Each structure stands twice: as C-alpha cells, then as structure tokens.
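# Descriptive analysis of the structure
One letter stands for each residue in the lines below.
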Amino acid sequence: MAVIEAIATTYMEADAASVAFTGIPQTYKHLQLRISSRDTSAADTVEVAIRFGPVGDVVDTGASYYSQEIRGYQTTESGSTNGPQTSIKCSFSTGTNIDMAGYGCGMVNLLDYRNTNKMMTYLATGGQPMNATGYSWISQVGGLWNGEAAVDKITIGGAGFSDDLVRGTVITIYGLNV
C-alpha cells in the first residue's frame, strides 16, 4: 500500500450547498482533505465548514466540534477559540469580493480517523489570494470532533453551511499510511 493514496475527488460543475464523501475506507491511518474553494458569500475570506459522520450513522450536525485558530492578514494577526460549534471552520475559501479567478486553498489532516477510543483531532492550514487592497489571508486551525467513532462520512460546505460552494471548487480526499 502506498504512503498516500487519492480516495476521491470532486470537481464542482455547478454551485452546490455541500460536497459529501461517504463510505470512506477504514484502511488508512489518517485522512487528508485538499480543498480549493470559492463561496457565494459577499465577503473577502469565508470559512469552509466541515462535518463528520460515524460508520453506520448520519453526519453529526450537533455542537460537537471544538477549535483554536490563528489568522494573519496584512500586518495583523488574530486568534480565536471556538466551541462547541456545529462544524469545524477553516478560513480558506474566497467570497465574491475577491476577483473571480481567486480561489482559496487549504489542507486538513484528520488524525487517527478510525480510532474509536479517542476523539478525532484535526489540523488545517490554508489561505486565500489577494483581495482588492492587495493583501492575502492565512489560517492555522487545530481542534477535535467530540465523537468517539470511526469517521465514515465527511461533508464540506460553504460558510457555516449557509452559503453555496461555487463551480470550480475542487476537493480531494486522501488516505495516509504514515
């Protein structure tokens, strides 16, 4: 088995509220999401929202997600602690205030996603291209899903699942054996 294997890729041909990956193989040590996204929100930077679901159940929409985030913009840095919340939020999508060619990108590592003896933790890093004033955003997020179950489903949506992801968004899920 390879160290990293692509499991599935979704290239959005039309705007949609979310992208779902189901039936995720339970044969890897970790999972990784690579996301290039744009959102219908009238903003510069937008949070990609992600939810998980255990084997044999539905995606968890409850207040089961916790995170800490560090952001950088221009010469300003900020941070926040979030939780409980209804999804993990990673600030690396672009809204409609960014030039149409600009898509944010990020990577989310889901550690020990099939371990049923502990909560699944994640680490995300990403950013977005320059806005109209010429500055980019970067973001680092770490946190956990308060569900002691193997992850079988992942749903990714626009800002808090209230906006659509737009055509051209690409999301790939990888299995890692390291």
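Refer to the structure above for everything that follows.
Residues numbered from 1 in each chain as written. Predicted model: local features only at pLDDT ≥ 70, side-chain atom pairs only at ≥ 80, totals over all residues. Heavy atoms only, no water.

### Some remarks on the environment of G56
Mapping G56 onto the fold places it in the loop between β4 (45-54) and β5 (65-73). The exposure class of G56 is exposed, given its relative accessible area of 78%. Taking the C-alpha atoms as reference points, G56 and V151, separated by 95 residues in sequence, lie 9.7 Å from one another. (Helix = DSSP H or I, 4+ residues; strand = E, 2+ residues; numbered from the N terminus. Buried < 20%, exposed > 50% of the residue type's maximum accessible area, 1.4 Å probe, protein only.)

### Points about the packing of aromatic side chains
For the structure on display, the rule yields two aromatic pairs. Pairing F52 with Y65 gives two aromatic rings, centres 6.0 Å apart and planes at 45°, and the pair type is tilted. With a gap of 13 residues between them, F52 in strand β4 and Y65 in strand β5 connect regions that are remote in the sequence. Classification of Y65 by relative accessible area gives buried; the value is 0%. Consider the rings of F52 and W145, whose centres lie 5.9 Å apart with planes at 55°: the pair is tilted. Of this pair, F52 sits in strand β4 while W145 is found in strand β10 (residues 137-145), placing the two residues 93 residues apart along the sequence. Look at F52 and you get buried, because its relative accessible area is 0%. Chaining the aromatic ring pairs together yields one cluster made of F52, Y65 and W145. Geometry around Y174 places R34 over its ring, the cationic atom sitting 4.3 Å from the centre. (Phe/Tyr/Trp six-rings, centres within 6.5 Å; stacked < 30°, edge-to-face > 60°. Lys NZ or Arg CZ within 6 Å of the ring centre and 35° of its normal.)

### Quick word on the side chain of R51
Its place among the elements puts R51 in strand β4. One buried charged residue, R51, remains without a salt bridge, the closest side chain of opposite sign being D60 at 7.3 Å. Engagement of the side chain of R51 in a polar contact is seen with the backbone oxygen of T86, the distance being 2.8 Å. In this view, R51 contacts V59, D60, T61, Y65, T86, S87, K153, I154, T155 and F161; residues no more than four positions away in its chain are not counted. (Lys, Arg positive; Asp, Glu negative; His and termini not counted. Salt bridge = Lys/Arg side-chain N within 4 Å of Asp/Glu carboxyl O. Polar contact = N/O pair within 3.5 Å; in protein donor to acceptor, adjacent residues only side chain to side chain. Contact = heavy atoms within 4.5 Å.)

### Points about the pairing of strand β11 (residues 151-157)
A regular strand carries its side chains on alternate faces of the sheet. With seven of seven residues buried, β11 is to be regarded as a mostly interior element. With four bridges connecting them, strand β2 (residues 18-21) and β11 associate as antiparallel partners. Along β11, the bridge assignment pairs V19 with I156. (Pairing = 2+ DSSP bridges.)

### Some words on the pattern of salt bridges
Between side chains of opposite charge, a pair can form when the charged atoms approach closely. Counted under the stated rule, the structure contains five salt bridges. With its nearest N and O atoms 3.7 Å apart, the salt bridge here joins E13 to R167. Of the two residues, E13 is situated in the loop between β1 (4-11) and β2 and R167 in the loop between β11 and β12 (170-176); the sequence distance between them amounts to 154 residues. For R167, a relative accessible area of 46% gives the class partly exposed.

Purely geometric numbers; function is a separate question.
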